[in-house]
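Summary of the model geometry
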Amino acid sequence: MKKYIFVAGGVMSGIGKGIAVSSIGRVLKSKGFKVTAIKIDPYINVDAGTMNPVEHGEVFVTEDGVECDQDVGNYERFLDENIYTDNYMTTGKVYQSVINKERNLEYNGKCVEVVPDIPNEVIATIKKAGEKTNSEFVLIEIGGTVGEYQNMLFLEAARMLKLAHPKDVLFILVSYLPIPNKIGEMKTKPTQYAVRTLNSAGIQPQIILARSDKPLDDIRKNKISVFCSVDQRDVISAPDIDSIYEVPLNFEKENLGNRILEELHLDPVYEKDLEDWSKLVNTIKTVTDPVKIGIVGKYFETGKFTLTDSYISVIESVKHAAYFFNKKPEIQWLSAEDYEQDQSKLKELSSFDGIIVPGGFGNRGTEGKIKVIQYCRENKIPFLGLCLGMQLSVIEFARNVCGLNANSTEFTKEGELVIDVMPEQKVLLKEKKYGGTMRLGAYDCKIKPGTISARAYNKELISERHRHRYELNNSCRKLLENRGLVMAGVNPEKDLVEIIEIKDHPFFVATQFHPEFKSRPLRPHPLFREFINASIQR
Ligand code: GLN
């Protein structure tokens with residue numbers, strides 16, 4: 001059995017389609033089904049890897065090394081399942097694949113056309129993703145908003161799949177109901193228009209998730225039901241809430257899981273296993289004792305607004321670990337560049353229980369981050385460095401402990417290049433082959449016994465996800481080691497340093513990989529867990 005659920009968005013973007021899809025997935029999983037989720041981004045970029053995080057939010061990386069939209073991270077966190085390459089599609093990726101097939105004569109001399117060949121490719125990929133993960137339910141999130149030009153071919157694919165399998169395909173619209181200040185009443189008209197627009201694409205939504213500031217009342221439910229031709233039981237109230245992890249529970253209060261099963265001609269399932277999930281939500285709602293973590297980054301500012309999406313997996317990992325210890329995570333954004341201009345600001349860092357320097361690209365802000373790292377090392381503030389955060393930790397150590405004029409080839413050609421470009425990357429960079437060519441996805445790492453990492457993981461061989469072109473320069477390794485830098489994890493095949501630690505420090509760990517991509521709400525990542533533990537001790 002395979003069932004396909006398409007989720008599209010109405011009225012405006014940013015209303016939480018990704019969380020809705022993730023939560024539907026969790027609800028179905030709790031009823032005993034095997035579920036996977038697909039994200040469709042309608043833009044031309046072949047993947048998210050070439051986009052600035054300020055533009056698009058975090059670039060999430062899968063086990064098999066796809067650089068994709070942050071929603072895939074939400075799917076993995078809510079479903080507690082790994083997601084693979086076929087679960088991520090963009091217009092660029094679909095066209096690229098169709099064009100490659102055409103060049104290989106795979107269309108047998110036929111004229112290849114936008115319709116039906118593009119939607120057919122989308123459908124084939126959706127089916128492949130379902131096969132690979134052996135799933136009973138495949139959830140497909142169509143990015144963007146209905147009515148825009150970019151996602152039309154994906155809606156067309158949804159319509160065509162429904163035509164082929166009428167009983168196995170379900171359409172859900174996530175819509176938004178504004179409550180204009182001056183009117184003070186929840187308005188349904190924009191949703192009615194969104195449904196009309198979907199109708200004109202040949203699609204009738206069977207369930208409407210009504211996002212709003214407040215819960216829907218019966219009057220609104222009835223209105224949407226009548227004007228949008230949806231059973232009133234299938235108009236689901238989805239008000240704003242404090243924690244995203246509460247959404248599956250709220251959906252279940254509205255009986256969404258069984259409504260989905262009934263719409264797809266399946267028997268309702270009344271037992272559900274949301275017990276651990278409910279416990280987690282209860283913890284989230286009741287914790288009061290704070291653990292205060294500073295994240296030093298640079299992808300925060302867009303105009304007058306602060307954007308935290310760029311670091312979403314890091315933030316969620318901190319939360320998972322804090323909840324594990326029954327603490328309330330208090331996360332503060334610290335702008336790296338501030339520490340370059342005003343050194344006295346460094347003292348503020350002492351008011352935090354722990355500091356994280358996450359990943360990043362390019363020179364901007366790096367000198368500020370290095371100052372922060374030095375302050376954490378010298379003042380014994382628990383510190384976790386991620387990817388660029390590790391590279392800068394090595395530079396800091398080489399400069400301030402070993403007395404070298406140290407730097408990274410990413411920023412300069414001068415001085416002692418303790419961080420250097422990986423040999424295979426040199427050719428790629430010279431040929432300007434930037435897209436999808438970093439060292440991506442999961443690689444093994446051997447942990448050195450007796451280290452903080454060894455205690456955290458409690459095993460010798462681990463696997464973590466990567467996204468980088470630069471690495472610790474092995475020709476400097478001995479020198480750094482002799483001065484006390486601990487090479488706590490090394491990739492066995494290529495002998496690349498993957499984790500460094502500092503001795504005589506409550507917690508100073510930095511990783512070349514991104515542990516944040518593998519933390520799950522009910523299973524915090526071991527390094528985040530130990531980092532938060534050390535932060536609590538402080
Ligand atoms: N810019 C660094 C590199 O490419 C670090 C990348 C990252 O933080 N993801 O190696």
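Everything below is about the structure printed above this text.
Treat the numbers as computed from the prediction; the structure is a model and nothing was measured.

**Some points on the overall build of the protein chain**
Helix and strand counts for the protein chain stand at 19 helices and 23 strands. In summary, the protein chain has a C-alpha radius of gyration of 25 Å against a globular reference of 24 Å for 538 residues, a match within 12%. Judged by the C-alpha coordinates and their principal axes, the protein chain covers about 75 × 60 × 45 Å. Burial analysis of the protein chain (538 residues in total) assigns 58% to the buried set. Here the contacts in the protein chain between residues at least 6 apart in sequence split such that 72% fall between residues at least 24 apart. As displayed, the protein chain offers around 22,500 Å² of accessible surface, 49% of which is attributable to carbon and sulfur atoms. For the protein chain, the distance from the average position of its 71 positive side-chain charges to the average position of its 74 negative side-chain charges is 1 Å.

**Observations regarding the nonpolar core**
Of all hydrophobic cores here, the largest spans 54 residues; its most connected members are Ile-5, Phe-137, Leu-209, Phe-251 and Ile-260. Considering each element in turn, this core owes the most residues, six residues, to helix H1 (residues 17-30).

**A word on the packing of helix H14 (residues 366-378) against helix H15 (residues 388-400)**
The geometry of H14 relative to H15 is characterised by a closest axis approach of 9 Å and an angle of 70 degrees between their N-to-C directions. In terms of orientation, H14 lies roughly perpendicular with respect to H15. The two elements H14 and H15 cross, and the hand of that crossing is right-handed. Counted together, Thr-366, Glu-367, Lys-369, Ile-370, Ile-373, Gln-374 and Arg-377 of H14 and Leu-388, Gly-389, Leu-392, Ser-393, Ile-395, Glu-396, Phe-397, Arg-399 and Asn-400 of H15 form the full contact between these two elements. Classifying every residue of the contact of H14 with H15 gives six nonpolar, five polar and five charged.

**A closer look at the sheet that holds strand E16 (residues 406-408)**
Pairing in this open sheet of three strands is mixed, and the strands run E16-E17-E20 from one edge to the other. In this open sheet, the two strands that pair with only one neighbour each are E16 and strand E20 (470-472). Each adjacent strand pair in this sheet contributes to an overall mean axis angle of 30 degrees, direction not counted. Bridge count between strand E17 (residues 416-421) and E20: three bridges; the pairing is antiparallel. Bridge pairing in E20 places Val-421 opposite Tyr-470. Strands in contact with helix H16 (residues 423-430) are E17 and E20; relative to E17, the strand with the most contacts, it is inclined by about 70 degrees.

**With respect to the pattern of salt bridges**
Applying the stated criterion to the full structure yields 45 salt bridges. We note a salt bridge from Glu-316 to Lys-319, for which the minimum N-O separation is 3.4 Å. One end of the pair is Glu-316 and the other is Lys-319, both in helix H12 (residues 312-324) and three residues apart, which spans about a single turn. Salt-bridge contacts for Glu-378 lead to Arg-377; the nearest nitrogen and oxygen are separated by 3.7 Å. Judged by relative accessible area, Arg-377 falls into the buried class, the value being 13%. Connected through shared salt-bridge partners, Glu-63, Glu-76, Asp-80, Arg-465, Lys-518, Arg-520 and Arg-523 make up one network.

**Describing empty space enclosed by the protein**
In total, this model carries one cavity of 30 Å³ or more according to the counting rule given. Approximately 60 Å³ is the volume found for the largest cavity. Forming the walls of the largest cavity are Phe-6, Val-7, Ala-8, Ile-142, Leu-155, Phe-171, Ile-172, Leu-198 and Ile-203. Of all elements in the fold, only strand E1 (3-9) and strand E7 (169-176) reach the threshold of two or more residues within the lining of the largest cavity. Sorting elements by how many residues they give to the lining of the largest cavity places E1 first, with three residues. Its residues placed into classes, the lining of the largest cavity shows nine nonpolar, no polar and no charged.

**Side note on the site of the ligand**
Surveying the vicinity of the ligand reveals the residues Gly-359, Gly-360, Phe-361, Cys-387, Leu-388, Gln-391, Glu-410, Arg-467, His-468, Arg-469, Tyr-470 and His-514. Measuring from an oxygen atom of the ligand, one finds a backbone N or O atom of Gly-360 at 2.9 Å. A distance of 2.9 Å separates an oxygen atom of the ligand from a polar atom in the backbone of Tyr-470. If the ligand stood free it would expose 300 Å²; the protein chains cover 98% of that surface. Looking at the shell around the ligand, the elements that each hand over two or more residues are H15 and strand E19 (461-468). Grouping the constituent residues of the shell around the ligand by class yields four nonpolar, five polar and three charged.

Definitions and limits used
- Residues numbered from 1 in each chain as written.
- Predicted model: local features only at pLDDT ≥ 70, side-chain atom pairs only at ≥ 80, totals over all residues.
- Heavy atoms only, no water.
- Helix = DSSP H or I, 4+ residues; strand = E, 2+ residues; numbered from the N terminus.
- Rg over C-alpha atoms; globule rule 2.2 N^0.38 Å.
- Buried < 20%, exposed > 50% of the residue type's maximum accessible area, 1.4 Å probe, protein only.
- Contact = heavy atoms within 4.5 Å.
- Areas by Shrake-Rupley, 256 points an atom, 1.4 Å probe, with all protein chains shown as cover.
- Lys, Arg positive; Asp, Glu negative; His and termini not counted.
- Charge placed at Lys NZ, Arg CZ, Asp CG, Glu CD.
- Core = buried A, V, L, I, M, F, W, Y, C linked by side-chain atoms within 4.5 Å.
- Axes fitted to C-alpha atoms, helices over the stretch in contact; angles between N-to-C directions.
- Parallel < 35°, antiparallel > 145°, perpendicular 65-115°, else oblique.
- Left-handed = near helix turned anticlockwise from the far one by under 90°.
- Nonpolar A, V, L, I, M, F, W, Y, C, P; charged D, E, K, R; others polar.
- Pairing = 2+ DSSP bridges.
- Salt bridge = Lys/Arg side-chain N within 4 Å of Asp/Glu carboxyl O.
- 1 Å grid on protein atoms, 1.4 Å probe; cavity = no way out; pocket = protein on both sides within 12 Å on 5 of 7 lines; lining within 4 Å.
- Points joined across faces, edges and corners; volume = space filled by probe spheres on them.
- Near = heavy atom within 4 Å.
- Polar contact = N/O pair within 3.5 Å; in protein donor to acceptor, adjacent residues only side chain to side chain.

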